[in-house]
Amino acid sequence: MATASYKRHLAKTITWRLVGSIDTFLLSWVITGSPLTGMKIGVSEVVTKMVLYYLHERVWFNNGMPDSRKRHMIKTVTWRIIGTLDTILLSWFISGNPLTGLKIGFSEVITKMVLYYFHERIWYRVNFGLEQRKLKDE
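Keep in mind it's a predicted model, so treat the numbers as computed, not measured.

Novice: How should the pattern of salt bridges be read in this particular structure?
Specialist: For side chains bearing opposite charge, pairing can occur when the charged atoms are close. Taken as a whole and judged by the stated rule, the model has ten salt bridges. In this structure, K49 and D86 form a salt bridge, with 2.9 Å as the shortest nitrogen-oxygen distance. A residue pair is termed long-range when its members are at least 10 positions apart, and K49 in helix α2 (residues 35-61) and D86 in helix α3 (residues 69-95) qualify at 37 residues. Residue D86 is classed as buried on the basis of its relative accessible area, which comes to 12%. Between E120 and K75 there is a salt bridge; the shortest N-O distance is 3.2 Å. Taken together, the positions of E120 in helix α4 (residues 98-125) and K75 in helix α3 put the pair 45 residues apart, joining distant regions of the chain. Here E120 and K75 have matching classes, each one buried. Each member of the salt-bridge network shares a partner with another, and the members are K12, E57, K75 and E120.

Here is what the cut-offs are and how they apply
- Residues numbered from 1 in each chain as written.
- Predicted model: local features only at pLDDT ≥ 70, side-chain atom pairs only at ≥ 80, totals over all residues.
- Heavy atoms only, no water.
- Salt bridge = Lys/Arg side-chain N within 4 Å of Asp/Glu carboxyl O.
- Helix = DSSP H or I, 4+ residues; strand = E, 2+ residues; numbered from the N terminus.
- Buried < 20%, exposed > 50% of the residue type's maximum accessible area, 1.4 Å probe, protein only.

Interpretation in functional terms is not warranted from these geometric data alone.
So, in structure tokens, the structure goes:
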């Protein structure tokens, strides 16, 4: 069993937020037609998503489920639910339009799940912040 450090979870949080915020910015820009609105939505979620992602990482690290593709898929779905709700609420608040919030939130479901899954798989192969571990090919 790998021992993860807080540094690892912080590094994963930062790298995911970079990828996720760029995706949200681009989707928001396309959906609203406004790069400024896209920027406001993308930037506003940085803090909320980093806090939520860090907490999600801590819960999943301590849940006892063995590392596997199944675990990564379940973790992907739980994070996407949390992330989508956050994006819908922020987009609604910033745009003033609940339909815009729903469009942006639901548009990112697919893009974010694909991006998150690959982010997880890459970090599974990275040893940063781990004292020891055995990688197994699944």
